[in-house]
Amino acid sequence: MMQRNRHRRHVVSQIIRFIRRGVKAIAKTLIYLTVEFTIYVAIAGVAIALFWLGLPSYVALGLSIGLVILSLTISFLAYRQHRLITRRSVTIHASPTMKGDVKLADLIAQTLAEKAPQEWEEYQDWLHDILLDRRQRLDEGDPHWRVTLLTYWRLTRLCITVTLIKLRRLAIAARRLR
């Protein structure tokens, strides 16, 4: 009888682990698709802005197609690199304690600080508030999956907002050059 209960618990724990891995894979896929969609929307915005600024439609279309091809190439190379890294037996992480949404927040902070310092100055408080609210919700006992999902949603909104601001500033600068 005791043996049977252990076996059942073992099977149930394996099923739970399998479901968790599946949920994590689906969440990572959705995040990746959201980022890709944001990139393509930004490319479409650039094409529309160029067309609106008076460039011939074939030039704007050619530039946007070139950007899409470049984006697809980078995605493919990143996927290949990921496959090479995951095949290695030893993985090296910069900070093994950072996972999931916190790791994404760190990546966003590093990217903004390096590539868009003006936006970093404006939005580092927003990023801090997102992570502070995450910690408070976890301390209050909210379910981890709900807090993670909310954090991912807020980080995605932050990325979209910064991208739109960059596009708006680009359009204003291009309009001034006319």
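Computed from a prediction, not measured in an experiment: that's the story for all the values here.

Definitions and cut-offs
Residues numbered from 1 in each chain as written. Predicted model: local features only at pLDDT ≥ 70, side-chain atom pairs only at ≥ 80, totals over all residues. Heavy atoms only, no water. Helix = DSSP H or I, 4+ residues; strand = E, 2+ residues; numbered from the N terminus. Buried < 20%, exposed > 50% of the residue type's maximum accessible area, 1.4 Å probe, protein only. Contact = heavy atoms within 4.5 Å. Areas by Shrake-Rupley, 256 points an atom, 1.4 Å probe, with all protein chains shown as cover. Expected span 1.5 Å × (residues − 1). Arc of directions from axis to C-beta. Patch = residues over 30% accessible without salt bridge, like charges linked within 9 Å, V, L, I, M, F, W, Y side chains within 5 Å. Salt bridge = Lys/Arg side-chain N within 4 Å of Asp/Glu carboxyl O. Lys, Arg positive; Asp, Glu negative; His and termini not counted. Charge placed at Lys NZ, Arg CZ, Asp CG, Glu CD. Core = buried A, V, L, I, M, F, W, Y, C linked by side-chain atoms within 4.5 Å.

**Student:** Tell me about the overall build of the protein, and please be specific about residues and values.
**Tutor:** Summing up its helical and strand segments, the protein has 5 helices and 0 strands in all. Secondary structure elements in the protein, listed N-terminal to C-terminal, are α-α-α-α-α. Burial analysis of the protein (178 residues in total) assigns 20% to the buried set. Within the protein, residue pairs in contact and separated by at least 24 positions form 67% of the contacts whose partners lie at least 6 positions apart. For the protein, the accessible area works out to roughly 13800 Å², and carbon and sulfur atoms hold 65% of it.

**Student:** Could you give an account of helix α3 (residues 100-115), with specific residues and numbers?
**Tutor:** The terminal C-alpha atoms of α3 lie 22 Å apart, and with 16 residues this matches the ideal 22 Å at 1.5 Å per residue to within 8%. Within α3, the full set of buried residues consists of D101, A105, I108, A109 and L112. End-on, the buried residues of α3 take up no more than an arc of 100 degrees, which puts them together on one face. Facing away from the buried side of α3 by more than 90 degrees, the exposed set consists of E114 and K115.

**Student:** Which residues make up a positive patch on the surface, and what values do they have?
**Tutor:** Residues R20, K24, K28, K99 and K103 make up a contiguous surface patch of positive charge. Broken down by element, the residue count for the positive patch peaks at 3 residues, all from helix α1 (residues 2-52). When you line up the elements, K24 lands in helix α1. When its relative accessible area of 57% is taken as the criterion, K24 is described as exposed.

**Student:** Quick rundown of a nonpolar patch on the surface? Include the residues and the values.
**Tutor:** The grouping of I15, F18, I19 and V23 at the surface amounts to a nonpolar patch, some 420 Å² of accessible area in total. The topology assignment puts I15 in helix α1.

**Student:** Can you break down the nonpolar core residue by residue, with the values?
**Tutor:** Side chains of a nonpolar character, in soluble globular proteins, are inclined to be buried together. If you look at the biggest cluster of nonpolar residues, it comprises 12 residues: A105, I108, A109, L112, W120, Y123, L127, I130, L155, L158, V162 and I165. Among the elements of the structure, α3, α4 (117-140) and α5 (144-177) are those that each provide at least two residues to this core. Sequence-distant contacts of L158, defined by excluding residues within four places in its chain, comprise I108, Y123, W126 and L127.

**Student:** An account of the pattern of salt bridges is needed here, citing residue identities and associated values.
**Tutor:** Tallied over the entire structure, the rule returns 4 salt bridges. Between D139 and R135 there is a salt bridge, with its nearest N and O atoms 3.2 Å apart. In this pair, D139 and R135 are both assigned in helix α4, 4 residues apart and thus about one turn of the helix distant. Among the residues examined, D139 registers a relative accessible area of 56% and is labelled exposed. The class for R135 is partly exposed, based on a relative accessible area of 41%. Residue R137 pairs with D142 through a salt bridge whose shortest N-O separation is 3.4 Å. A relative accessible area of 27% means that R137 is categorised as partly exposed. By relative accessible area, which is 22% here, D142 ends up partly exposed. Put simply, D133, R137, D142 and R154 are held in one network by salt bridges that share partners.

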